[in-house]
Each structure stands twice: as structure tokens, then as C-alpha cells.
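# Chain and residue survey
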Amino acid sequence: MKRAPIRPDWWRKTFAGAVLGATLAFALAGLFAWVGPGGIAAPEKSQFVMWSIAPVWMTVFGFVWLFRTGTHALLWLGGANLLAWGLLLYVRG
């Protein structure tokens, strides 16, 4: 069985990585802030959480090009966003 090559859906993949990657990075940083060591009020934690957003976002943005189509990227990152934001809202109570 021959696999289809990765197609360059540039616009959709760029949108998915830029917008959905950013919102996913924000949600993951928020989850770490609330459930990480010391909880939300831990000293110096805000700096770590703030600076962790960019590496997570850029990692997602870099790997978005490995999806076969832009639609797959949108669906997977959209689902990951729904899950992460749902968990964040649940954790915050």
C-alpha cells in the first residue's frame, strides 16, 4: 500500500499553526499554571508560564507541516484546543 505524499496546503497549515497553535499554547500554559507545582499562587511561576508559551507555540507551528493536509491540521489542532480549554475550565472550577 503506497502512502500519499505530504501535500503543501500552505494557507490552511499556516492558519492552523499560527492561530490554533497559539491558542493551544495559551491553554497548556494555563493548565500548567493551575495544576503545576505550587498551584496558581506559586512565586516566580508566572514568569516561567509566560516564557513557556513561545516554545510550545513554535513547536506546534513547526510540526503542523507534517500533517498530510491542511484540513487534518485544522481538525487535530481544533480538537486539541477543545480538549485543553475544556480541561482548563474544569480545573479552574
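Everything quoted here is computed from the prediction, not taken from an experiment.

## A look at the packing of aromatic side chains
- Counted according to the given criterion, the structure contains 2 aromatic pairs.
- Ring centres of W10 and W65 lie 5.1 Å apart, and the angle between their planes is 50 degrees; on these two criteria the pair is classed as tilted. Within this pair, whereas W10 is found in helix α1 (residues 10-35), its partner W65 is found in the loop between α2 (45-63) and α3 (70-92), the two being separated by 55 residues in sequence.
- Accessibility expressed as a relative area gives 53% for W10, which makes it exposed.
- The ring of F32 carries the charged tip of K45 above its face, separated from the ring centre by 5.1 Å.

## With respect to the environment of T14
- The topology assignment puts T14 in helix α1.
- Here the alpha-carbon distance between T14 and L77, two residues 63 residues apart in the chain, equals 12 Å.
- Within the structure, T14 has its side chain in polar contact with the backbone oxygen of W10 (distance 2.6 Å).

## Quick look at the packing of α1 against α3
- Between α1 and α3, the shortest axis-to-axis distance is 9 Å and the interhelical angle comes to 20 degrees. Relative to α3, the element α1 lies roughly parallel. The element α1 and its partner α3 pack so that their crossing is left-handed.
- Split by residue class, the contact of α1 with α3 holds 19 nonpolar, 7 polar and 3 charged.

Parameters and conventions
- Residues numbered from 1 in each chain as written.
- Predicted model: local features only at pLDDT ≥ 70, side-chain atom pairs only at ≥ 80, totals over all residues.
- Heavy atoms only, no water.
- Phe/Tyr/Trp six-rings, centres within 6.5 Å; stacked < 30°, edge-to-face > 60°.
- Helix = DSSP H or I, 4+ residues; strand = E, 2+ residues; numbered from the N terminus.
- Buried < 20%, exposed > 50% of the residue type's maximum accessible area, 1.4 Å probe, protein only.
- Lys NZ or Arg CZ within 6 Å of the ring centre and 35° of its normal.
- Polar contact = N/O pair within 3.5 Å; in protein donor to acceptor, adjacent residues only side chain to side chain.
- Axes fitted to C-alpha atoms, helices over the stretch in contact; angles between N-to-C directions.
- Parallel < 35°, antiparallel > 145°, perpendicular 65-115°, else oblique.
- Left-handed = near helix turned anticlockwise from the far one by under 90°.
- Nonpolar A, V, L, I, M, F, W, Y, C, P; charged D, E, K, R; others polar.

Take it as geometry only, folks, not as evidence of what the structure does.
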